[in-house]
Amino acid sequence: MAFLDVKGIFKRFGKTEVLKGIDLSMEKGEVLAIIGSSGSGKTTLLRCMNFLETPDAGTITLDGEELYDASAKYTDNEIREKRLHFGLVFQSFNLFPQYTVLKNVCLAPELMRINQSKTKLSRPEKAKIKRDIEDNARSILASVGLSDKLMNYPCELSGGQQQRVAIARALAMNPAILCFDEPTSALDPELTGEVLRVIKELKDAGRTMILVTHEMGFARSAADKVIFMADGIIEEYGTPEEVFGNPSSDKTKTFLEKSLENIN
Amino acid sequence: MSFLEVTAQLANGFLTTLLIFGVTLVGAIPLGLLITLGSMSKIPPVKWIFKVFVWIIRGTPLMLQIILVFYGPGLMGLGVKFDRLLAVILAFIINYACYFSEIYRGGIESIPKGQYEAGQVLGMTKSQIFFKVVLFQVIKRIVPPMGNEIITLVKDTSLARVIAVVELVKAAETIVSLKSLIWPLFYVGAFYLLFTGIVTILLNFAEKKLNYYQG
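Residues numbered from 1 in each chain as written. Chains lettered and ligands numbered in written order. Predicted model: local features only at pLDDT ≥ 70, side-chain atom pairs only at ≥ 80, totals over all residues.

(A) Up close: the overall build of chain B. A count of helical and extended segments in chain B gives eight helices and zero strands. Sequence-ordered secondary structure for chain B, helices as α and strands as β, is α-α-α-α-α-α-α-α. Each principal axis of the C-alpha distribution contributes one length, and for chain B these read about 70 × 50 × 20 Å. Burial status across chain B gives 29% buried among its 215 residues. (Helix = DSSP H or I, 4+ residues; strand = E, 2+ residues; numbered from the N terminus. Buried ≥ 20, exposed ≤ 12 C-beta atoms within 10 Å, placed from the backbone.)

(B) How the structure looks around the sheet that holds strand 3 (residues 31-35) of chain A. All names here are of chain A. Here six strands make up an open sheet; going across it, the order is 6-7-8-3-9-10 and the pairing mixed. Bordering the open sheet on either side are strand 6 (86-89) and strand 10 (233-238), each of which pairs with just one other strand. Pairwise comparison of adjacent strand axes, ignoring direction, gives a mean angle of 20° for this sheet. In the sheet, strand 6 pairs with strand 7 (residues 177-181) via four bridges, with the strands oriented parallel. Of the residues in strand 7, the one forming a bridge with Gly87 is Leu178. (Pairing = 2+ DSSP bridges. Axes fitted to C-alpha atoms, helices over the stretch in contact; angles between N-to-C directions.)

(C) Representation of the interface of chain A and chain B within the structure. Taken together, the contact pairs 22 residues of chain A with 19 residues of chain B. Breaking the side of chain A that touches chain B down by element, the ones donating at least two residues are helix 2 (76-83), strand 6 and helix 3 (101-115) of chain A. Examining the composition of the side of chain A that touches chain B, we find that five residues originate from one element, helix 3 of chain A, more than from any other. Tallied by class, the residues present in the side of chain A that touches chain B amount to 13 nonpolar, six polar and three charged. (Contact = placed C-beta atoms within 7 Å. Nonpolar A, V, L, I, M, F, W, Y, C, P; charged D, E, K, R; others polar.)

(D) Just the pairing of strand 2 (residues 16-26) of chain A, in detail. Residue and element names in this part refer to chain A. Relative to strand 2, strand 1 (residues 4-13) runs antiparallel, the two being bridged by eight bridges. Note that in strand 2 the partner of Lys11 across the bridge is Leu19. What sits between strand 1 and strand 2 in their antiparallel hairpin is a turn of two residues, with Gly14 showing a positive phi close to 60°.

(E) Just the nonpolar core, in detail. With 79 residues, the main nonpolar core has Leu32, Ala33, Ile34, Ala168, Cys179 and Leu211 of chain A as its most contacted residues. Ranked by residues supplied to this core, first place goes to helix 3 of chain A with seven residues. Among residues more than four places away in sequence, those in contact with Ile34 of chain A are Lys42, Leu45, Ile210, Leu211, Val212, Ile227 and Met229 of chain A. Counting residues in each nonpolar core, the second largest holds 27 residues, with Phe50, Val88, Phe100 and Met146 of chain B among its members. (Core = buried A, V, L, I, M, F, W, Y, C linked by C-beta atoms within 7 Å.)

(F) Representation of the sheet that holds strand 1 of chain A within the structure. All names here are of chain A. Strand order in the open sheet formed by four strands is 2-1-4-5, with antiparallel pairing between adjacent strands. Taken across any chain shown, the strands that pair with only one partner, and hence form the sheet edges, are strand 2 and strand 5 (65-69). For this sheet, the mean angle separating the axes of adjacent strands, direction not counted, is 20°. Across five bridges, strand 1 lies against strand 4 (residues 57-62) in antiparallel orientation. Note on strand 4: the bridge partner recorded for Leu4 is Leu62. Helix 1 (residues 42-49) contacts strand 1, strand 2 and strand 4 of the sheet and is inclined by roughly 115° relative to strand 1.

Structure, rendered in structure tokens:
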């Protein structure tokens, strides 16, 4: 059984059927890129895996544990805990503007380990947990090259720096799979490189990642597997060489030709 | 009547004005939040009850509401009768809570969905997202419109005289009509200007404090 198994995902918004039966699986340490034109359902698929949308049908199984089955009912709390298996980096960063960079990264771990703690913590215990979380946050922020921005507010950073903070914030929760929803689409071209470099480093460190992207070159070089989505189904799946080099479906061919045209 | 005697009488009225102002704020700020939650409820009947209530309160004169709260219970045979000042304060709290609730609602709805989603994917509970992520951003956004309402409240306190509560304007009017003096009216104006001036300075200070970040 694969590390992540997604089976038969359907999702409709009102009358529009956005996902029409998605099956995919990936192994630990793999990077999966999802490409496709706008409206093909790739972002919705990612949001389903992060439980920001509820699939109408299908199952999601991670590491042998069934996380989601559309025929079952889950409480808010159960969904919240399942969500922690996945991290999500948004196109528009969504940093918390009122907090410093360091606090942005520390906030969620603190809330989870101190405020949601099931046992009553003493003051020194709380202080120790806080210190641990902060040390961890500092080292993650150092790894994305932001050691000198710890006390800055998001509005003082460039888009690329903000997105790297968002990546650090997601990493601080140590998710099993880190998802990216078009992480460079809101960035100026000269800033995309620094974000892609961080993602590449995460791949080299063995992170399991799912990457929805319009950066064809990056998908080709960084991904282990590529999915091309069109009209709510997986039109093509394979290694980057197969999908980019020798696509079998006409839709994929047309899409890739258009994407490459834009580059030239 | 000497300047000092007038000052003493006006100061007395001013205390009542200050009391109405202060208690209204303390009561209406949290009550407004409750009304906001009601009017944003996902349960349609609850939502509509609150929306209709806000419509009625904002759609009728505060003066009418003061009169109704004071005379209403007795005339309807409910067996309770409010003290004049209490009736004024109750009417003010309800009225201002409705205005505040709409300001809060606007503030809450102006926070981008992405802020909630970021909290969700990081495993925060609904209340953590509200209190740790959203609330502060809402407060920053609503300070200017709240300031407007609060300054209006300073002057609205003069409506209390409609049921013979002696606040600042009523105190001055008594002097003017009994002693045939005109200057106490200008003197009262100075009281209000000083009061709103101080409130304005405090609000500007709050706005500056909250302006340490953009967005």
